[in-house]
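# Working through the structure, step by step
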Amino acid sequence: MVDVAALVEQAREGRPRAVARLISLVENAAPQLRDVMAALTPYTGNAYTVGLTGSPGVGKSTSTSALVSAYRRLGKRVGVLAVDPSSPFSGGALLGDRVRMQDHATDPEVFIRSMATRGHLGGLSWAAPQALRVLDGAGCDVVLVETVGVGQSEVEVAAQADTTVVLLAPGMGDGIQAAKAGILEIGDVFVVNKADRDGADATARELNHMLGLGQARQAGDWRPPVVKTVAARGEGVDEVVDALEKHRGWLAASGELADRRRRRAAQEVEAITLAALRARIGDLRGDRHLHALAEQVAAGRLDPYAAADVLIAELTA
């Protein structure tokens, strides 16, 4: 029997095992999940969530680790949600990110959790929103969300973060091409990592040029900065933190922070609702009524939209 109240209390005290158990309940969609979310809600809404995304190999894990160090120097409690590819055999995460963050393993004010995508597209795990609530409720000041390594269309991290950092690196083909069509639009801060390599200045220059050609901005709108770093040596990381804090201040002053969090909450509620409806539809798959509707559609006596209307009416009755 899971004592949800005791787990939440222990998580608030910063006990890693309690935080880990709560996130496991989230990942496993445990029956106690509703109670967990209800118990955590009074303590949420305080963490600053930063999403880090970019193509594989740009140094996301190294950059995340460097940002953890920078925020710890500022006395912040930090949570890291590192979304790894799923193993095709066990469905679990490969834990590559946690391997690269061993420097923080013994710090009680840092909690690092690897989560498997389990086939979910968009660079994040389906359980990420609730896991973020756990870290927020556990008293983390900053939560860093590192995606699995995305392409142009996998930009879901922007919907889960207050600020989105897009990382690029020179010498990996056309770095600007990797930032087009979705990635370019979601970035609040752009980081050219591995800036000690040839081509870093050109990459930063082209990126600034493309951002200047992007969507029209009004006076007072945020213009994403481009920061060069060598995360493996900690160079430029303080400048990234400065850019993040400036964006956080702009979000609060402009009202965009509240808007983003409302949109995030709306998407979370919608996802939970759709999951519940899918579960009910799954229950109906063995129902004779659904089979009868399918037979009418297959025989051409009923169109699929009309059949869906009948099913929706049954589900919402």
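Residues numbered from 1 in each chain as written. Predicted model: local features only at pLDDT ≥ 70, side-chain atom pairs only at ≥ 80, totals over all residues. Heavy atoms only, no water.

For the pair helix 4 (residues 60-73) and helix 11 (residues 237-254), interaxial distance at closest approach is 10 Å and the crossing angle is 70°. Classed by the angle they form, the pair helix 4 and helix 11 counts as roughly perpendicular. Here helix 4 contributes Ala66, Leu67, Ala70, Tyr71 and Arg73 to the contact with helix 11, which in turn contributes Val237, Asp238, Val240, Val241, Leu244 and Glu245. Class assignment of the residues belonging to the contact of helix 4 with helix 11 gives a composition of 8 nonpolar, no polar and 3 charged. (Axes fitted to C-alpha atoms, helices over the stretch in contact; angles between N-to-C directions. Helix = DSSP H or I, 4+ residues; strand = E, 2+ residues; numbered from the N terminus. Parallel < 35°, antiparallel > 145°, perpendicular 65-115°, else oblique. Contact = heavy atoms within 4.5 Å. Nonpolar A, V, L, I, M, F, W, Y, C, P; charged D, E, K, R; others polar.)

Time to look at the pairing of strand 4 (residues 142-146). By the criterion of burial, strand 4 is predominantly enclosed, with 5 of the 5 residues buried. Residues Val142, Leu144 and Glu146 point to one face of strand 4 and Val143 and Val145 to the other, with burial holding for every one of them. Bridge count between strand 1 (residues 48-54) and strand 4: 5 bridges; the pairing is parallel. Bridge pairing in strand 4 links leucine 52 to glutamate 146. (Buried < 20%, exposed > 50% of the residue type's maximum accessible area, 1.4 Å probe, protein only. Pairing = 2+ DSSP bridges.)

This structure, assessed with the given rule, holds 16 salt bridges. In this structure, the salt-bridge partner of arginine 264 is aspartate 162, at a minimum N-O distance of 2.5 Å. Taken together, the residues arginine 264 in helix 12 (residues 256-284) and aspartate 162 in the loop between helix 7 (157-160) and strand 5 (163-168) connect sequence positions 102 residues apart. When salt bridges with common partners are traced through the structure, they connect Asp188, Glu256, Arg260 and Arg263 into a single cluster. (Salt bridge = Lys/Arg side-chain N within 4 Å of Asp/Glu carboxyl O.)

Next up on the list: the side chain of glutamate 27. Looking at where glutamate 27 falls in the secondary structure, it is placed in helix 2 (residues 16-27). Polar contacts involving the side chain of glutamate 27 include one to the side chain of arginine 113, which spans 2.7 Å. (Polar contact = N/O pair within 3.5 Å; in protein donor to acceptor, adjacent residues only side chain to side chain.)

Moving on, we come to helix 6 (residues 128-137). A large share of helix 6 lies buried, amounting to 9 of its 10 residues. Listing the buried residues of helix 6 in full gives Ala128, Pro129, Gln130, Ala131, Leu132, Val134, Leu135, Asp136 and Gly137. Immediately downstream of helix 6, the backbone of glycine 139 shows phi near 95°, a positive value.

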